[in-house]
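Tertiary structure, described
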Amino acid sequence: MEQRLSLVTLGVSDLGRARRFYEALGWRTGAGPDDDVVFFRAGGTVLALWGRGELAEDSGVEDGGGWGGVTLAHNVRSPEEVDAVIAEAERAGATITRPPQPAFWGGYTGVFTDPDGHAWEVAHNPHWELAADGSVVLPA
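Just so it is clear, the model here is predicted, and its values are computed rather than measured. (Residues numbered from 1 in each chain as written. Predicted model: local features only at pLDDT ≥ 70, side-chain atom pairs only at ≥ 80, totals over all residues. Heavy atoms only, no water.)

Looking at the sheet that holds strand 6 (residues 108–113)
Judged by pairing direction, the sheet is mixed, and its four strands sit side by side in the order 4-7-6-5 without closing on themselves. Either end of the sheet is taken by a strand with one partner, and the two such strands are strand 4 (71–75) and strand 5 (95–102). Going across the sheet, the axis of each strand differs from the next one's by a mean of 15 degrees, ignoring polarity. Where strand 6 meets strand 7 (residues 119–124), six bridges bridge the pair, whose relative direction is antiparallel. Bridge assignment links Val111 to a residue of strand 7, and that residue is Glu121. In this fold helix 3 (residues 79–92) packs onto strand 4, strand 5, strand 6 and strand 7, with an angle of close to 10 degrees to the strand it touches most, strand 6. (Pairing = 2+ DSSP bridges. Helix = DSSP H or I, 4+ residues; strand = E, 2+ residues; numbered from the N terminus. Axes fitted to C-alpha atoms, helices over the stretch in contact; angles between N-to-C directions. Contact = heavy atoms within 4.5 Å.)

Below is the structure:
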């Protein structure tokens, strides 16, 4: 298996609401209004939104509800950009679960949840470089 991630699918309770939330953050999709899955390009990865029940059935798992033990992350180039993205998410309808603040490891981060409770950390890590396309360049 190659070391890469191609797609992340978030199970959502209301596809239209979830789509409107991500579009309010400025994300663009080519999905039609009646499509049952919505795909967004996210750098070299794709973020998909699909009904939670359908995703659980397709994955062969039981949907126990609640947090699934996963936090998504969006790295940015400065602490000011963390503040701006968290504010943008709140305007779009996110719940801020951890306001932006200095992190114990020397960075600056905040966390919001989307309308379905999916956690997103917005982080500035001064120890990592971001390429022009926004991808993370890990130190050697």
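Digging into the side chain of Thr113
Summarising the element assignment, Thr113 is placed in strand 6. Not counting the four nearest positions on each side in its chain, Thr113 is found in contact with Ala94, Thr95, Thr97, His118 and Ala119.

Description of the environment of Thr113
Looking at Thr113, the relative accessible area reads 14%, which means it is buried. When the C-alpha atoms of Thr113 and Ser135 are compared, they prove to be 22 Å apart, with 22 residues separating the residues in sequence. (Buried < 20%, exposed > 50% of the residue type's maximum accessible area, 1.4 Å probe, protein only.)

Quick word on helix 1 (residues 15–24)
Those residues of helix 1 not exposed but buried are Ala18, Arg19, Phe21 and Tyr22. Down the axis, helix 1 shows its buried residues gathered within 160 degrees of arc, on one side only. Those residues of helix 1 that are buried are in contact with strand 1 (7–12), strand 2 (37–42), strand 3 (45–51), helix 3, strand 6 and strand 7. The backbone nitrogen of Gly16 has a side-chain oxygen 3.2 Å away, supplied by the residue at the start of helix 1, namely Asp14. One or two steps after helix 1, the chain reaches Gly26, where phi turns positive at roughly 100 degrees. (Arc of directions from axis to C-beta. Polar contact = N/O pair within 3.5 Å; in protein donor to acceptor, adjacent residues only side chain to side chain.)

Focus: the sheet that holds strand 2
Note on sheets: strands pair through backbone hydrogen bonds, and any given pair is parallel or antiparallel. Ordered by their spatial adjacency, three strands build an open sheet running 1-3-2, and the pairing between neighbours is mixed. Looking at strand neighbours, the two that pair on one side only are strand 1 and strand 2, the edges of this open sheet. Put simply, the sheet's adjacent strands are angled 20 degrees from each other on average, direction ignored. Pairing of strand 2 with strand 3 involves six bridges; the strand directions are antiparallel. The residue bridging Val37 from the neighbouring strand is Trp50, located in strand 3.

Description of the side chain of Asp114
Turning to its location among the elements, Asp114 is positioned in the loop between strand 6 and strand 7. No salt bridge is formed by the buried Asp114; its nearest oppositely charged neighbour, Arg17, is found at 6.9 Å. Among the polar contacts made by the side chain of Asp114, one reaches the main-chain amide nitrogen of Asp116 at a distance of 2.9 Å. Here the side chain of Asp114 touches His118 through a polar contact of 2.9 Å, landing on its backbone nitrogen. Leave out the neighbours within four places in its chain, and Asp114 touches Leu10, Phe21 and Tyr22. (Lys, Arg positive; Asp, Glu negative; His and termini not counted. Salt bridge = Lys/Arg side-chain N within 4 Å of Asp/Glu carboxyl O.)

The values are spatial; any link to function lies outside them.
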